[in-house]
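# Observations on chain architecture
One letter stands for each residue in the lines below.
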Amino acid sequence: MNRVSLTVLLAICCEISMAQAQSPPTPAELGVIADHHLHLRTAVDIRAMVDFNKNLVEELRDPAIDENMPVISAADLIAQLDQAGIKHGTVLSAAYFFGMPEYEKSDEERLEKTQELNNLVAKEVAQYPHRLRAFCGVNPLSSFAIEEVTRCAEDLGMDGVKVHFANSNVNLIDPGHLARLQQFFEGVRSLDLPVALH
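Presented here is an overview of the structure given in this document. Position numbers for residues start from 1 in each chain and track the written sequence from start to end. It should be noted that, the model being predicted, local features are given only for residues of pLDDT at least 70 and side-chain atom pairs only at 80 or more, the latter also being counted only at that level, while totals for whole chains, interfaces and linings use all residues. Excluded from the side-chain calculation are hydrogens and water; included are all heavy atoms of the structure.

Let us now look at the pattern of salt bridges. Here the idea is simple: oppositely charged side chains can pair when their charged atoms come close. One speaks of a salt bridge when a side-chain nitrogen belonging to Lys or Arg is within 4 Å of a carboxyl oxygen belonging to Asp or Glu. Under the defined criterion, the tally for this structure stands at five salt bridges. Taking the shortest distance from any N to any O, the salt bridge between Asp82 and Arg131 comes out at 2.8 Å. You can see Asp82 sitting in helix 3 (residues 74-84) and its partner Arg131 sitting in the loop between helix 4 (107-125) and strand 3 (132-137), a full 49 residues away along the chain. Because the salt bridges share partners, they merge into one network encompassing Arg47, Lys113 and Glu116. Comment: elements are numbered from the N terminus, with helices defined as DSSP H or I runs of at least four residues and strands as E runs of at least two.

Now the structure itself:
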């Protein structure tokens, strides 16, 4: 092969590589069959985000968070999965939000809101039992954490648990937090549930 032929061949290969780089493969082309991190956006989520955002110092407020944010339903998630060519999804409840120390409510109000959102997620996901799985959300340090997880698994048929350490202000060098986490994870293990940890 002479130099001209080799140069032309390399240029063609380079063009093909650049074209492929400009159009990345779709999830379906990569063989992705499940998205394990999906969230609904219910009216409960929106109200909580708006209230929380209003209580932040002005420099930290997110102008995109307002009452007009669109709801994202299970049907919307299915449409997104179909568009991406993905068969299955895991919907993670954001009910752990109500366990945030900054969410200044009584334990009873926190439990009520946590249950309300977990109930909504379970109900939405139940519409697509062959496509979606639901994980309940809870602050692992809350006084009602394991009771809520048990309720979600046994009464609502939820398939796992989502916990968010940063959101829940978990301190991994605090002996009190470590003891509560140990109790929480032992309880979850006894229910044979997977945990998504953020």
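Now for helix 6 (residues 175-190). Residue count minus one, scaled by 1.5 Å, sets the expected span of a helix. Compared with the 22 Å implied by 1.5 Å per residue over 16 residues, the 23 Å span of helix 6 between its first and last C-alpha is a close match. Listed in full, the buried residues belonging to helix 6 are His177, Leu181, Phe184, Gly187 and Val188. Relative to the axis of helix 6, the buried residues are bounded by an arc of 125 degrees and lie together on one face. Away from the buried face of helix 6 by more than 90 degrees, exposed residues Pro175, Gln182, Gln183, Arg189 and Ser190 are located. In this fold, the buried residues of helix 6 make contact with helix 5 (145-154), strand 4 (160-163) and strand 5 (195-197). Where helix 6 ends, the next residue or the one after it, Asp192, has phi of about 60 degrees, a positive value. Relative accessible area decides the class of each residue, using a 1.4 Å probe on protein chains only: under 20% of the type maximum gives buried, over 50% gives exposed, and in between gives partly exposed. Along the arc lie the directions from the helix axis toward the C-beta atoms. For this analysis, residues touch if any pair of their heavy atoms sits within 4.5 Å.

On to the packing of aromatic side chains, then. Only centres within 6.5 Å qualify two rings of Phe, Tyr or Trp (six-membered ring in Trp) as a pair; their planes then separate them into stacked at under 30 degrees, edge-to-face at over 60, and tilted for everything else. Evaluation of the coordinates by the stated rule reveals two aromatic pairs. Relative to Phe98, the ring of Phe97 lies with its centre 5.7 Å away and its plane at 90 degrees, an arrangement referred to as edge-to-face. On the accessibility criterion, Phe98 (2% relative accessible area) is buried. Ring centres 5.3 Å apart and planes at 80 degrees place the aromatic pair Phe184 and Phe185 in the edge-to-face group. Phe184 gets classed as buried once you look at its relative accessible area, which sits at 2%. The class of Phe185 is partly exposed, set by a relative accessible area of 29%.

Inspection of the secondary structure assignment puts Arg151 in helix 5. For Arg151, a relative accessible area of 18% gives the class buried. For Arg151, the contacting residues outside a window of four places in its chain are Gln115, Asn118, Asn119 and Leu156.

These results come straight from atomic positions and should not be treated as a statement about function.
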